[in-house]
Amino acid sequence: MRFAEQWSWCTVEAVSDVTPTIREFRLRPENGRVPPYPAGSHIGVTVLIDGQPARRSYSLVENSDAGTYRIAVRLAPDSRGGSRGMWSLTPGARIETSNPASLLEIDWTRKNYCLIAGGIGITPITGIAASLRRRNIDAPLHYAVKSRGDAAFLDELSALLGDLLIVHASDEGTRLDLDATFRALPDDAIAVMCGPMRMLEAARRAWNGAGRAPADLRYETFGSSGLKPTAEFRVRLKGSDTELVVPQNSSMLDALNGAGFEVISDCQRGECGVCAVDVVAVEGEIDHRDVFFSDQQKQDNRKICPCVSRAVGVVTIDTLYRSEAAHR
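If you're wondering where the values come from, they're calculated on a predicted model, not measured in any experiment. (Residues numbered from 1 in each chain as written. Predicted model: local features only at pLDDT ≥ 70, side-chain atom pairs only at ≥ 80, totals over all residues. Heavy atoms only, no water.)

A.B. asks: Just give me the short version of unusual backbone geometry, but keep the residues and values in it.
C.D. replies: Backbone geometry places Asp 50, a non-glycine residue, at a positive phi of 55°. For Asp 50, the position within the fold is in the loop between β3 (42-49) and β4 (52-59). Here Asp 50 falls in the exposed class, since its relative accessible area comes to 65%. Its identity as a non-glycine residue notwithstanding, Asn 136 has a phi of 60°, on the positive side. Relative to the assigned elements, Asn 136 resides in the loop between α2 (122-134) and β8 (141-145). (Helix = DSSP H or I, 4+ residues; strand = E, 2+ residues; numbered from the N terminus. Buried < 20%, exposed > 50% of the residue type's maximum accessible area, 1.4 Å probe, protein only.)

A.B. asks: Just give me the short version of the side chain of Lys 298, but keep the residues and values in it.
C.D. replies: By secondary structure assignment, the location of Lys 298 is in helix α7 (residues 295-300). In contact with Lys 298, other than residues within four places in its own chain, are Met 197, Glu 201, Arg 204, His 288, Asp 290 and Phe 293. (Contact = heavy atoms within 4.5 Å.)

A.B. asks: Help me get a handle on the sheet that holds strand β10 (residues 190-194), residues and values and all.
C.D. replies: Consider a sheet: its strands pair through backbone hydrogen bonds, and that pairing is either parallel or antiparallel. Ordered in space as β9-β8-β7-β10-β11, the five strands form an open sheet in which the pairing is parallel. Either end of the sheet is taken by a strand with one partner, and the two such strands are β9 (165-169) and β11 (217-220). Geometrically, the sheet is characterised by an average inter-axis angle of 15° between neighbouring strands, direction not taken into account. By the bridge criterion, four bridges tie strand β7 (residues 113-118) to β8 in an arrangement that is parallel. Following the sheet pairing, Leu 115 is matched in β8 by Leu 141. Each of β8 and β9 is contacted by helix α3 (residues 154-161), which is oriented at about 145° to β9, the strand it contacts most. (Pairing = 2+ DSSP bridges. Axes fitted to C-alpha atoms, helices over the stretch in contact; angles between N-to-C directions.)

A.B. asks: So, the packing of aromatic side chains: which residues are in play, and what are the values?
C.D. replies: Aromatic ring pairs are reported here in terms of the distance separating the ring centres and the angle at which the planes meet. The tally for this structure, following the rule as stated, stands at three aromatic pairs. Ring geometry for Trp 108 and Tyr 113: centres 6.5 Å apart, planes at 35°, overall tilted. You can call Trp 108 partly exposed: its relative accessible area is 26%. With relative accessibility at 4%, the residue Tyr 113 sits in the buried group. Note on Phe 292 and Phe 293: the rings are 5.1 Å apart at their centroids and 70° apart in plane angle, and the pair reads as edge-to-face. Stacked on the ring of Trp 7, the Lys or Arg Arg 55 has its end atom at 4.1 Å from the ring centre. (Phe/Tyr/Trp six-rings, centres within 6.5 Å; stacked < 30°, edge-to-face > 60°. Lys NZ or Arg CZ within 6 Å of the ring centre and 35° of its normal.)

A.B. asks: Break down the side chain of Glu 24 for me, citing the residues and quoting the values.
C.D. replies: Tracing the backbone through its elements, the reader meets Glu 24 in strand β2 (residues 22-29). For Glu 24, a relative accessible area of 7% translates into the label buried. Not counting residues up to four positions away in its chain, the partners in contact with Glu 24 are Ala 14, Val 15, Ser 16, Val 18, Arg 70, Ile 71, Ala 72 and Phe 153.

A.B. asks: Quick rundown of the environment of Val 145? Include the residues and the values.
C.D. replies: Among the structural elements, Val 145 can be located in strand β8. Here the alpha-carbon distance between Val 145 and Ser 8, two residues 137 residues apart in the chain, equals 34 Å. Ignoring any residue separated from it by four or fewer positions in sequence, one finds Val 145 in contact with Gly 119, Asp 150, Ala 151, Val 167, His 168, Ala 169 and Ser 170.

A.B. asks: Give me α2: which residues, what numbers.
C.D. replies: Between its terminal C-alpha atoms α2 stretches 18 Å, which fits the 18 Å expected from 13 residues at 1.5 Å a residue. A large share of α2 lies buried, amounting to eleven of its 13 residues. What α2 keeps buried is the set Ile 122, Thr 123, Pro 124, Ile 125, Thr 126, Gly 127, Ile 128, Ala 129, Ala 130, Ser 131 and Leu 132. Positive phi shows up at Asn 136, right after α2, with a value of about 60°. (Expected span 1.5 Å × (residues − 1).)

Now the structure itself:
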C-alpha cells in the first residue's frame, strides 16, 4: 500500500446543499484531531448501502475550519449506492472515516499551472487552487459544468480566484476546448484535473497531441464514472465452475474477494493497476473505468481493473489469487 489507512469515528456536524444535486458534509473527528494533509487529498468513509457497510472515497474540499473534514457528494442515481447512503446522513450521525491521503503527487516547484475540473471533480481542485494562491501563483481554473446552477462552490472560487476562474457552461455554449487550452500553456506548465471518465480520456489525448510530457498531466478520477450505466453483470472464473453476479451496488473486486477469490489491490480508484486481472472472454462489453490502461489496451480487452471497471453481459477472467475456500 502506498499509504497506511487508519480509521476513526467522526460526527456529522453540518449538512447543506450547495447545488440541487450536490450536498456538503462537515465531519468532526471524535478524537479532536485532523492530521495535516496535502491539497487534493481524499478520505475513505464507511457508508451503509441497503443495510450493509461499504467503503467509498471522497475528496476533501478547501476548509477554513482546521478541526473538521469537508466533503461534497453528488447524488448519482446510476451509481453503486454510496451517494444515496451519504445523502441519508443527518447532523449528529456518526460515520467512520480513514485518515487523509493524496494520489496526485503535485510538483509544487513549477512556475505555471493549469487547473481543470468537471462537475463534482471540483472538490479536490478547491484545495489545490487555494494552495497555489497562498504561494502567490496565478493559476487559471477551468470549471466545466452543464450550467452555472450545477457549479458547486462558485461564489467561494470567484472570491478566491477572480478572473482566473473560467466557467465553461454547456447551456451557455462555452464548452472547454482542451486542445486550445493545452497548446496555449507555457512549456513548463503542469495541468491538474479531476472529472468524469470521458473528460479525462479527452484530456489525455489532447495533452499527448500537444506534445507535452505525460507526467505533467496530473489527474484524479472517480470510479463511478463510466461510459455505460452502472448495472448488474456476471463474472466467470477460468478453470472454475464459479459464476459470480456483481450487483449494481458492488464492485467486481468486492464480489471476487467476497467469494474467496483474493485479488490484491491498492488505490481502489482505477489509478494504480495493482488489481488488474486477465480477461479471457467477453460476452457483451467491458466498461473500462480506470485511468491506468491506455486507450489501445482498453480496446484490446486483455485486462481489467476490477476495483472500478464493469461490464455489460458476462466477462470471463483468470486470476491467480484464490483462497482455500474457493477450491472447495
